[in-house]
2 protein chains.
Amino acid sequence: MLSYSEENHLKAIFHLSVNNESGVSTNSIASKMNSKAPSVTEMLKKLSEKDLVVYKKYQGVLLTDFGRKTALSVIRKHRLWEVFLVEKLNFKWDEVHDIAEQLEHIKSEKLTNELDKFLDYPTKDPHGDPIPNPAGFIKYTAKLVLSDLLIGETGKFIGVKDSSSTFLKYLDKREISLGSNIKVIHKEEFDESIHIGLVETNLSISVKSAANIYVTKL
Amino acid sequence: MLSYSEENHLKAIFHLSVNNESGVSTNSIASKMNSKAPSVTEMLKKLSEKDLVVYKKYQGVLLTDFGRKTALSVIRKHRLWEVFLVEKLNFKWDEVHDIAEQLEHIKSEKLTNELDKFLDYPTKDPHGDPIPNPAGFIKYTAKLVLSDLLIGETGKFIGVKDSSSTFLKYLDKREISLGSNIKVIHKEEFDESIHIGLVETNLSISVKSAANIYVTKL
DNA sequence: AAATTAATTTAGTCTAGCCTAAAAATTTAG
DNA sequence: CTAAATTTTTAGGCTAGACTAAATTAATTT
């Protein structure tokens, strides 16, 4: 039985592994966990004891298959609960993260699988992130960021990179929502802002925003 | 922000207060919590600091209004989640307790209230226990135990005193379920067993069981 | 390649929550 | 109304998980 802290560390390592095939650093984990390096070192020793990670001093850390599966089970729960909150309890996509952070630690396989069934086996959470299946398999969708589209190209908005409540609320205000088809009309050289067409309406957003919006080319 | 342990102690004190208007003993709390007296003493000091209980050494403990409200908020969540598990996720009434023990600590008033709405404002949990309203008000129903009914009297089964999974499964097997109308046909003097009529069918149960079934006289 | 800088680990401390054993207070009984 | 029994509290210890400060290892720079 893993503690919340152990599960959270596994999750952090999982997310950091995406860009760090060779090993995740102690500091990067500490920064993601809002803790300090010595706390992480101590935890890595414990996770290593339990065969959840492969850890050698000063060498960074990587998940074992078992650790990866465990992390994915937590992520699965997190994302299923997010769907539940939005689909069934009228939450907005910017309100669900903190509650899902709590719910993801509830221990009951039956609960997770019944929830999955109740939600009719969703494949994406409210931010467009894929939901792992019970075996820990994740179906990744090819994606690029909006700012990578060229003028004249159109993409379908399929996810956010920055899922901060601030950014999500901003997207709401601009009426840019998951599933929208976005066409790049023009790129302003001066301030690098990007003029986009949203089905019918045109609007302009910053490169920073555009770099946080995942799209698939149409 | 209260810890799980603090919330659990408040809940235990609340439940024990029902039969102990004058003050709940350290040992009784320890036994309900599956812990030891010194751990309870320590916790009582902390809860007292936070004005959740009134505690004087060697004198037993009672909840303050604030403590009572806090306990009821936890109980409310516990029972709402139980309803959710049974009504929406196909759980049986004997499977929900342990999961609700985890879910009851999730912190989000909005979540609780939206869940309440989603479940259409249930007033009882799957074991017949009343669900406190958001203000912490509980509507108690007059009830007596089945073994208190006299021969010839009929009662409606409205709750269980012993909600152990063993007993609940036993009731399932005997096909005695919440809402059944139960008529006492005969009481066996020899072994004190009670013959009851369940709408049409007649069956016999032990006094022990009958003392764990709450009914209202019809 | 040595020296400086940065990252990581070790050492030692703290708090929450639990425990056992011993002491103190209260209750019960003779 | 004392003496024994019971209950409760205190004292002291343990573990998990966090921290700061110091030491060590690795990486970078000159």
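Residues numbered from 1 in each chain as written. Chains lettered and ligands numbered in written order. Predicted model: local features only at pLDDT ≥ 70, side-chain atom pairs only at ≥ 80, totals over all residues. Heavy atoms only, no water.

## Some words on the overall build of chain A
Right, so step 1: The number of helices and strands found in chain A is 8 helices and 8 strands.
Right, so step 2: Pairs at least 24 residues apart make up 62% of the contacts formed inside chain A by residues separated by at least 6 positions.
Right, so step 3: Accessible surface, chain A: about 11700 Å² in total, of which carbon and sulfur atoms supply 51%.
Right, so step 4: A gap of 4 Å separates the mean positions of the 30 positive and 30 negative side-chain charges of chain A. (Helix = DSSP H or I, 4+ residues; strand = E, 2+ residues; numbered from the N terminus. Contact = heavy atoms within 4.5 Å. Areas by Shrake-Rupley, 256 points an atom, 1.4 Å probe, with all protein chains shown as cover. Lys, Arg positive; Asp, Glu negative; His and termini not counted. Charge placed at Lys NZ, Arg CZ, Asp CG, Glu CD.)

## Quick notes on the protein's contact with DNA strand C
Right, so step 1: With respect to spatial proximity, 21 residues lie near DNA strand C, and among them Lys45(A), Tyr55(A), Lys57(A), Ser39(B) and Lys46(B) are the closest.
Right, so step 2: Among atoms of DNA strand C positioned within 4 Å of the protein, sugar and phosphate together represent 77%.
Right, so step 3: A distance of 2.5 Å separates a phosphate oxygen of DNA strand C from a polar atom in the side chain of Lys45(A).
Right, so step 4: A distance of 2.9 Å separates a phosphate oxygen of DNA strand C from a polar backbone atom of Tyr58(A).
Right, so step 5: Elements supplying a minimum of two residues to the surface near DNA strand C: α2 (26-33) and α3 (37-49) of chain A together with α1 (4-17) and α3 (37-49) of chain B.
Right, so step 6: Tallied by class, residues from the surface near DNA strand C come to 6 nonpolar, 10 polar and 5 charged. (Near = heavy atom within 4 Å. Polar contact = N/O pair within 3.5 Å; in protein donor to acceptor, adjacent residues only side chain to side chain. Nonpolar A, V, L, I, M, F, W, Y, C, P; charged D, E, K, R; others polar.)

## Considering the relation of the copies chain B and chain A
Right, so step 1: The transform that puts chain B on chain A rotates by 180° and translates by 0.0 Å along the axis, for an RMSD of 0.0 Å. In short, the pair behaves as if placed about a two-fold rotation axis. When C-alpha positions in chain B are compared against the rotation axis, the closest is assigned to Leu103(B), at 3.8 Å.
Right, so step 2: In this assembly the copies share their binding face: 100% of the residues contributing to the interface of chain B also contribute to that of chain A. (Least-squares fit on C-alpha atoms with pLDDT ≥ 70 in both.)

## A short note on a positive patch on the surface
Right, so step 1: A cluster of basic side chains, namely Lys124(A), Lys139(A), Lys143(A) and Lys156(A), defines a positive patch on the protein surface.
Right, so step 2: Secondary-structure assignment places Lys139(A) in the loop between α6 (109-118) and β3 (144-145). (Patch = residues over 30% accessible without salt bridge, like charges linked within 9 Å, V, L, I, M, F, W, Y side chains within 5 Å. Salt bridge = Lys/Arg side-chain N within 4 Å of Asp/Glu carboxyl O.)

## Here's the deal with the domain arrangement of chain A
Right, so step 1: Domain assignment breaks chain A into domain 1 (4-63) and domain 2 (144-217).
Right, so step 2: Once you take the C-alpha centre of each, domain 1 of chain A and domain 2 of chain A turn out to be 33 Å apart. (Domains from an automatic or database assignment.)

## Topic: the packing of aromatic side chains
Right, so step 1: Taken as a whole and assessed by the stated rule, the structure comprises 10 aromatic pairs over all chains.
Right, so step 2: Taking 5.6 Å as the distance between ring centres and 80° as the angle between the ring planes, the aromatic pair formed by Trp81(B) and Phe84(B) counts as edge-to-face. Of the two residues, Trp81(B) and Phe84(B) are both situated in helix α4 (residues 65-87); the distance of 3 residues between them amounts to about one turn of the helix. Grouping residues by exposure puts Trp81(B) and Phe84(B) together as buried.
Right, so step 3: For the ring pair Phe167(B) and Tyr170(B), a centre distance of 6.2 Å and an interplane angle of 25° mean the geometry is stacked. Residue Phe167(B) and its partner Tyr170(B) are located together in helix α7 (residues 165-173), separated by 3 residues, close to a single helical turn.
Right, so step 4: An aromatic cluster is built from Trp81(A), Phe84(A), Phe118(A), Trp81(B), Phe84(B) and Phe118(B), whose rings are joined through pairwise contacts.
Right, so step 5: Note that Lys88(A) overlies the ring of Phe118(A), its terminal NZ or CZ placed 4.7 Å from the centroid. (Phe/Tyr/Trp six-rings, centres within 6.5 Å; stacked < 30°, edge-to-face > 60°. Buried < 20%, exposed > 50% of the residue type's maximum accessible area, 1.4 Å probe, protein only. Lys NZ or Arg CZ within 6 Å of the ring centre and 35° of its normal.)

## Examining the packing of α4(B) against helix α6 (residues 109-118) of chain B
The geometry of a pair of packed helices is captured by two quantities: the angle between their axes and the separation between those axes.
All names here are of chain B.
Right, so step 1: Two elements in contact, α4 and α6, have axes whose closest approach is 10 Å; the angle formed by their N-to-C orientations is 40°. One element, α4, and the other, α6, form an angle in the oblique class. By crossing handedness, the relation of α4 to α6 is classed as left-handed. Where α4 abuts α6, its residues Arg76, Lys77, Leu80, Trp81 and Phe84 lie against Leu111, Thr112, Asn113, Leu115, Asp116 and Phe118.
Right, so step 2: For the contact of α4 with α6, a count of residues per class yields 6 nonpolar, 2 polar and 3 charged. (Axes fitted to C-alpha atoms, helices over the stretch in contact; angles between N-to-C directions. Parallel < 35°, antiparallel > 145°, perpendicular 65-115°, else oblique. Left-handed = near helix turned anticlockwise from the far one by under 90°.)

## A word on the interface of chain B and chain A
Right, so step 1: The partner chain A presents 22 residues to the 22 residues of chain B that form the contact.
Right, so step 2: In this assembly, chain B packs against chain A so that about 1800 Å² is buried in total across both faces, 68% of it on carbon and sulfur atoms.
Right, so step 3: The interface formed by chain B and chain A includes 2 salt bridges.
Right, so step 4: Counting residues per element, the side of chain B that touches chain A draws most heavily on α6(B), which supplies 6 residues.
Right, so step 5: Taken together, the residues that form the side of chain B that touches chain A break down as 12 nonpolar, 4 polar and 6 charged. (Buried area = accessible area lost by both parts, 1.4 Å probe.)

## Some details on the nonpolar core
Right, so step 1: Grouped together as the largest cluster of nonpolar side chains are 30 residues, with contacts concentrated most on Phe84(A), Trp81(B) and Phe84(B).
Right, so step 2: Where this core is concerned, the elements lending two or more residues are α4 (65-89), α5 (97-103) and α6 of chain A together with α4, α5 (97-103) and α6 of chain B.
Right, so step 3: Sorting elements by how many residues they give to this core places α4(A) first, with 6 residues.
Right, so step 4: Those residues in contact with Trp81(B) that lie beyond four places of it in its chain are Trp81(A), Phe84(A), Leu103(A), Leu103(B), Glu104(B), Leu111(B) and Leu115(B). (Core = buried A, V, L, I, M, F, W, Y, C linked by side-chain atoms within 4.5 Å.)

## Some details on the protein's contact with DNA strand D
Right, so step 1: Around DNA strand D sit 21 residues, and of these Ser39(A), Lys46(A), Lys45(B), Tyr55(B) and Lys57(B) come closest.
Right, so step 2: Take the atoms of DNA strand D that sit within 4 Å of the protein: sugar and phosphate atoms are 80% of them.
Right, so step 3: One of the side-chain nitrogen or oxygen atoms of Tyr58(A) is found 3.5 Å away from a sugar or linking oxygen of DNA strand D.
Right, so step 4: In this structure, a phosphate oxygen belonging to DNA strand D sits 2.9 Å away from a side-chain N or O atom of Thr41(B).
Right, so step 5: Mapped by element, the contributors of at least two residues to the surface near DNA strand D are α1 (4-17) and α3 of chain A together with α2 (26-33) and α3 of chain B.

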